[in-house]
Amino acid sequence: MKVKNIACIGAGFVGGPTMAVIALKCPEIRVTVLDSNEHKINLWNNTVDKLPVYEPGLAEIIEEVRDKNLFFSTDIKNTIDQAEMIFMAVNTPTKIEGEGKGYAADLSNIEKCAREISKYSNSDKIVIEKSTLPVRTAEKVKQILNQSNKKIHFEVLSNPEFLAEGTAINDLFKSDRVIIGGDNTKSGRVAIEKLKKIYQRWIPSNKILITNVWSSELSKLVSNAMLAQRISSINSISSICERTGADIIEISKAVGMDKRIGPEFLKPSIGFGGSCFKKDILNLVYIARTYDLNEVADYWEGVIQINKFQTDRVSDKVEEFLNGDLSKNTISILGWAFKKNTNDSRESASIQVALNTLIKGGSIRIYDPMVSIEKIYNDINTGLQNKNFSIAKINKLMSKVKAYKGIYNTIKDSNLLIVCTEWDEFKTMDWDEIYQLMKDPKTIIDGRNILNKEDLIKRGFKIYSIGQVWKKLKFQ
Ligand SMILES: NC(=O)c1ccc[n+]([C@@H]2O[C@H](COP(=O)([O-])OP(=O)(O)OC[C@H]3O[C@@H](n4cnc5c(N)ncnc54)[C@H](O)[C@@H]3O)[C@@H](O)[C@H]2O)c1
C-alpha cells in the first residue's frame, strides 16, 4: 500500500525544509510537520517572509504547497494517529548534565518522540530517525515504542539528513546520496521500499543507498566528522603559513588539485560553527571512549581543539592589532550567522569573537543580513551567562553591544572591522564610504578571506587575512 500520510516531529532547520521538499515532490501525500514550540508553528503558518528558517528557495516552496498538502501543527496526538510514516527530526544537542556530559548526544527529545508515537498510535507505523543519532539508538527507540501493550507493529528505519544549511533546498533536490538503514526482515524490507519509493520521485535510484541501521546511523556522524576534519586540517596549516611566509590560498589550491584530495572544504577561515560539526564529533568521541578506543577518541577530539585554537587565534588578533587596549576602541563584527545564506547562529565564531572582545573591554557593533537583532543580543547574553558573570556585570557588558540593520551605520566610528561570515554583500561594500566612516587604525580582519586585500591596502586600510603574511604591515 502506498504511503498517503506523513508526519514529521520537529519543525526546525531539517524538518521544515525536508518536509517542504517531500510535499512538493509528492503532491498526493499529506505531510504534517509537528512541533511542541507553538510560536515556531505560528511562524511557519505566517507570511513567508517571517518563516523561522531562512534558506534560499524555501519560501517559494512553502508558498506553493502550504495548506495544500503541507501543514504545520502542534496537534501531535491526531497527526500521529493518522500518519503511516513518522519522521523524527528533533534536536539532539550535546548533553549538559548526567553521564556523558559535554560529549554524548542528549537523546531526551528522541525518547520523548518515541513515547508519544507509542502513546498516540493505533495502527502500524514506520518510524524514521531523521535526526543525527549515535550508532545503536534505534535499539532504544524500538524498546520505547514497544513498551505499550497495543497490538501494533513499529518498523524503525534510519534515514539521516545530509543537507547543509545555506544550500538546503538544492541539497535536498540534488542529494549526493540518500541513506536508508533498515532491518533485513520482511517488514524491514517493506518499510525500506516504501521510503525508497518516496525519494525515487526525484532522486536517481543509484543514489539511494540501502544499509543496515547501524551503518546508516554511524555514516552521518562520520560524514560530519570528516568534513570538519578537512576544515581543521587547512586551518591548522594556515597558522604555519603565517609563520613561514607560505600562502594558504596557494597551498589550498596546490593540495586540492590532487584528485585524491579534491578542492572542497579546503578554505581557511576563522573556524567552523553551526549546530552539527562540534556536537557530532563530540558524540563520536564519546562512542569511541565507550568502546575503550581512546586513541580514536583523541584523534577526533583534535579536530575540535584545532577549531577552537583557530577561532581564539583570529579573535586574539583584535587585541593585538589595537595594541592591547580595547577600552577606547569600537569593533564592528560583520556577519553573525555561522555561514552565509542561513539565519542560524548556533556555535557561530562571531559569538566567540564578540565575547572575547567585550570581556577585554571593547565596544562592539554587529550586523548580519538574516539573523535578527533580538537573536544577536540573546546569543551574547546567553554566552555571558554561561561564563557565570553577575547580572550587574552582564548588564554593563551588554551596554557596550549594538546590533544594527545596515552595514554602514554599523561600521561608523569603528577602529577595527572583523568579517566573520562570508556573506556575498561583504565582498561588494563601498570601501570609499567605509574609509570615511572608520576611525584609525582602520584595521580589517578578514576571517573568511573574501576581501580583495591588495585593493584595501592601496586604499590605506590595514588588513589581516588568514594564512597570508603581509610583512610590510608587520601583521604576523
Ligand atoms: N541543521 C542542520 O544543518 C542539520 C543537518 C543534518 C542533520 N541535522 C540533525 O537534525 C536534527 C534536527 O536539527 P535541526 O537543526 O533541525 O534542529 P532545530 O533545533 O532547528 O529543530 C528541532 C525542532 O524539534 C522540536 N522538538 C524537540 N523535541 C520535540 C518533541 N518531543 N515534540 C515536538 N517537537 C520537538 C524543537 O522545538 C525544534 O523546533 C539534529 O539531530 C541535527 O543534528 C541537522
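Quick caveat, the model's predicted, so the values are computed rather than measured. (Residues numbered from 1 in each chain as written. Predicted model: local features only at pLDDT ≥ 70, side-chain atom pairs only at ≥ 80, totals over all residues.)

With that out of the way, let us pick up the overall build of the protein chain. A count of helical and extended segments in the protein chain gives 18 helices and 14 strands. Computed over the C-alpha atoms, the radius of gyration of the protein chain is 24 Å, within 12% of the 23 Å expected from 2.2 N^0.38 for a compact globule of 476 residues. Considering only intrachain contacts with a sequence separation of at least 6, the fraction spanning at least 24 residues in the protein chain is 73%. (Helix = DSSP H or I, 4+ residues; strand = E, 2+ residues; numbered from the N terminus. Rg over C-alpha atoms; globule rule 2.2 N^0.38 Å. Contact = placed C-beta atoms within 7 Å.)

Looking now at the environment of R66. Note that R66 resides in the loop between α3 (58–65) and β3 (70–73). What makes R66 partly exposed here is the crowd of 17 C-beta atoms within 10 Å. Each C-alpha atom, one on R66 and one on W44, is 9.2 Å from the other, the two residues being 22 residues apart in sequence. (Buried ≥ 20, exposed ≤ 12 C-beta atoms within 10 Å, placed from the backbone.)

Taken in spatial order, the 6 strands line up as β11-β10-β9-β12-β13-β14 in an open sheet, and their pairing is parallel. This sheet does not close on itself; its edge strands, each paired only once, are β11 (401–404) and β14 (462–465). Averaged over all pairs of adjacent strands, the angle between strand axes in this sheet comes to 15°, irrespective of strand direction. With 4 bridges connecting them, strand β13 (residues 443–446) and β14 associate as parallel partners. (Pairing = 2+ DSSP bridges. Axes fitted to C-alpha atoms, helices over the stretch in contact; angles between N-to-C directions.)

Attention now moves to unusual backbone geometry. Of the consecutive residues D440 and P441, the connecting peptide bond is found in the cis state with omega at 5°. Relative to the assigned elements, P441 resides in the loop between α17 (431–437) and β13. Notably, D67 is not glycine yet its phi reads approximately 65°, a positive angle. When you line up the elements, D67 lands in the loop between α3 and β3. For D67, a count of 9 C-beta atoms within 10 Å puts it in the exposed group. Even without a glycine there, the phi angle at N341 is positive, about 65°. Looking at the secondary structure, you find N341 in the loop between β9 (330–334) and α13 (349–359). What makes N341 buried here is the crowd of 20 C-beta atoms within 10 Å.

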